[in-house]
Amino acid sequence: MINLKKEIVVFVVIFIVTSIVIHLDTWLSTPLIHLKALFSHPMPYHPLLYVFLIYIGIAILRGILSLILKLFKK
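Residues numbered from 1 in each chain as written. Predicted model: local features only at pLDDT ≥ 70, side-chain atom pairs only at ≥ 80, totals over all residues. Heavy atoms only, no water.

## Concerning a nonpolar patch on the surface
On the surface, a cluster of nonpolar side chains totalling about 1100 Å² of accessible area is made up of Tyr45, Leu49, Tyr50, Phe52, Leu53, Ile56, Ile60, Ile64, Ile68, Leu71 and Phe72. Note on placement: Ile68 falls in helix α4 (residues 46–73). Look at Ile68 and you get partly exposed, because its relative accessible area is 39%. (Patch = residues over 30% accessible without salt bridge, like charges linked within 9 Å, V, L, I, M, F, W, Y side chains within 5 Å. Areas by Shrake-Rupley, 256 points an atom, 1.4 Å probe, with all protein chains shown as cover. Salt bridge = Lys/Arg side-chain N within 4 Å of Asp/Glu carboxyl O. Helix = DSSP H or I, 4+ residues; strand = E, 2+ residues; numbered from the N terminus. Buried < 20%, exposed > 50% of the residue type's maximum accessible area, 1.4 Å probe, protein only.)

So, in structure tokens, the structure goes:
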């Protein structure tokens, strides 16, 4: 259960960081308009899709790193 909480925190942090980095100018100038526009966007789930793809990429890299570290521990 602790690992699930850790992974949820990682996912949320990735979500927040990518949201701020990609749309920094919009979040600083007109955050409410940007939030409202998300609901009328033709693909409103796109932030979750992008974050999921980034999360999968990071998970793969973590898995490879874990395997490499296990090889050198033996």
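## Description of the pattern of salt bridges
Any two side chains of opposite charge can pair, on the condition that their charged atoms come close. Taken as a whole, this structure holds 1 salt bridge when the rule is applied. Its salt-bridge partner being Arg62, residue Glu7 comes within 2.7 Å of it at the nearest N-O pair. Placement of the pair is Glu7 in helix α1 (residues 2–22) and Arg62 in helix α4, with a sequence separation of 55 residues.

## A word on the environment of Ser40
Examined against the element boundaries, Ser40 turns out to sit in the loop between α3 (31–39) and α4. Under the relative-accessibility criterion, Ser40 is labelled exposed at 58%.

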